[in-house]
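Summary of structural features
Residue strings, one per chain:
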Amino acid sequence: MAPAIENKTEAWFKLILLILMVLQNSSAVLLGRYARTSVPENELFNVNHLVVITEVGKLIFSSILEFVVTNGALLKSVKENVIDDPLGALKISVPSLLYLIQNTLLYVALSNLAAPLFQVTYQGKLVTTAIVSVIMLDRKYTSRQWVCLVIISIGVAIVVLGERKEAEKQVDQNTQSIFVGLTSVTVACLCSALAGVYFEKVLKKATTNKDGVARPPVSMWMRNMQLAFFSIVIGVSQTIFVAGDTEKKPYFHGFNTSVWILVLLQAGGGMLVAAVIKYADNVLKGLATGVSVVVASAFSAIFFNVKLTEQFGFGSCMILVSVYYFSNNLPKCLNKAGKEKSIDMDPMLPK
């Protein structure tokens, strides 16, 4: 009975992480929308500055948590995991660079694809993440779970498309290249999957000290500190060397109360993402993102008077049902084969 109880406790813990991820993602979307639409354009904050300040918040939060889990030995932990092992720390620059490439390519894709086509194709990142997990982590999913992942991706696309207006089609077609756009989205999905799965592998992999003796994996808070540091370096460099004449706003310009709350929410979300990757995986993070699209859209209807369509209802049902059956067997009336082999995959959510 002990293993069964342990598995059920673990499943409930993952469910709590899923709920927290949904709440954090949804809140960030709603607050971000409010922060961008509630002030005049000349008082808007610079998005690059927001990203850098958020990463600084993640670095501070991670440092505090590392200080707590090491019983005050933060400096010793930094010495062991950064100064004495610079190559190990440098590994975390890989996902930071991949995320930078991903974000750059998304802007290219948005410039070359109509919004609906972009939203549909970008939802392929959930399936891409699962494929990369199979390759890099030797993780295995059942045929039912693969079907659920595809349906969730389609459902998210349907929900998002249901919110788009026909007015968004007013884009100069002469400046667009569908080949460039689709290529950019494909590579961006791959970068997102590689970055997430690579970080998960580094987070869970055992390490060795300078004498070659095996030791436990580096704590997720130390890894989060390293990731935040490299993200800050890349973000500041991007602001200095890439920004054009339109990006001359000083730091903290437009940072009102709602923006600071958004910073705290996003920085706290970074801690939550690390916990999800550590104790679950990137696919659960993707499931949470899918559900949060539904939640954020529903609350947008309440707070921003966004009209929900039949597409929203249909897509929402696809997402929620698929998320449930990703972790639970189909009803016996639908599962004619009687039994479905679940290879190397424990239930992610409690039944």
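Within each chain, residue numbers correspond to sequence positions counted from 1 in written order. Given that the model is predicted, a residue must reach a pLDDT of at least 70 before its local features are reported, and side-chain atom pairs must reach 80 or more before they are shown or counted; all residues, however, enter totals for whole chains, interfaces and linings. Derived side-chain values reflect all non-hydrogen atoms in the structure, with water molecules and hydrogen atoms excluded from consideration.

Let's talk about the overall build of the protein
Stated formally: Secondary structure is summarised from DSSP: a helix means a run of H or I of at least four residues, a strand means a run of E of at least two, and numbering begins at the N terminus for each. Burial here depends on accessible area, computed with a 1.4 Å probe over protein chains only, as a share of the maximum for the residue type. Under 20% is buried, over 50% is exposed, and the range in between is partly exposed. We call two residues contacting when some pair of their heavy atoms lies within 4.5 Å. Here the accessible surface of atoms and residues is derived via Shrake-Rupley with a 1.4 Å probe, and residues count as covered only by protein chains that are part of the display.
Within the protein, the secondary structure is distributed over 13 helices and 2 strands. Within the protein, the proportion of its 351 residues that are buried is 44%. Across the protein, contacts joining residues at least 24 apart in sequence account for 82% of those joining residues at least 6 apart. Surface summary for the protein: the accessible area is close to 18900 Å², and the carbon and sulfur share equals 67%.

Some details on the environment of Leu-113
Topologically, Leu-113 is positioned in the loop between α5 (93-112) and α6 (115-122). You can call Leu-113 buried: its relative accessible area is 3%. Note: C-alpha distance between Leu-113 and Val-185 (72 residues apart in sequence) is 9.5 Å.

With respect to the packing of helix α11 (residues 257-279) against helix α12 (residues 282-303)
Filter applied, for reference: Interaxial angle, 0 to 180 degrees, is taken between N-to-C directions of lines fitted to C-alpha atoms, where a helix line uses only the stretch in contact. An angle below 35 degrees is read as roughly parallel, one above 145 as roughly antiparallel, one from 65 to 115 as roughly perpendicular, and any other as oblique. Under the scheme applied, nonpolar residues are Ala, Val, Leu, Ile, Met, Phe, Trp, Tyr, Cys and Pro; charged residues are Asp, Glu, Lys and Arg; polar residues are all the others, including Gly.
Closest axis-to-axis distance for the α11/α12 pair is 7 Å, and the angle between their directions is 130 degrees. Judged by the angle between their axes, α11 and α12 are oblique. Where α11 abuts α12, its residues Val-273, Val-276 and Ile-277 lie against Asn-282, Leu-284 and Lys-285. For the contact of α11 with α12, a count of residues per class yields 4 nonpolar, 1 polar and 1 charged.

Topic: the confidence of the model for the protein
We apply this condition: pLDDT expresses how confident the predictor is about each individual residue, on a scale running from 0 to 100.
In this model, the protein carries an average pLDDT of 79, and 81% of its residues clear a pLDDT of 70 or more. The secondary structure element of the protein with the lowest average pLDDT is α6, at 66, and the one with the highest is helix α2 (residues 47-69), at 92. Per-residue pLDDT stays below 50 along residues 165-174; that stretch engages in 2 contacts with residues further than four places along the chain or on separate chains.

Concerning the pattern of salt bridges
Definition in use: Here, a salt bridge means any Lys or Arg side-chain nitrogen found within 4 Å of an Asp or Glu carboxyl oxygen.
Summed over all chains, the structure comprises 5 salt bridges. Residues Lys-140 and Asp-138 are paired through a salt bridge, measuring 3.4 Å at the closest nitrogen-oxygen approach. A relative accessible area of 31% means that Lys-140 is categorised as partly exposed. Here Glu-200 and Arg-139 are joined by a salt bridge, their closest N and O atoms 2.7 Å apart. Of this pair, Glu-200 sits in helix α9 (residues 178-204) while Arg-139 sits in the loop between α7 (125-137) and α8 (143-163), and the two are 61 residues apart along the sequence. The exposure classification of Glu-200 matches that of Arg-139, with both residues buried. Among the ionic contacts, a cluster of salt bridges with common partners joins Arg-139, Glu-200 and Lys-204.

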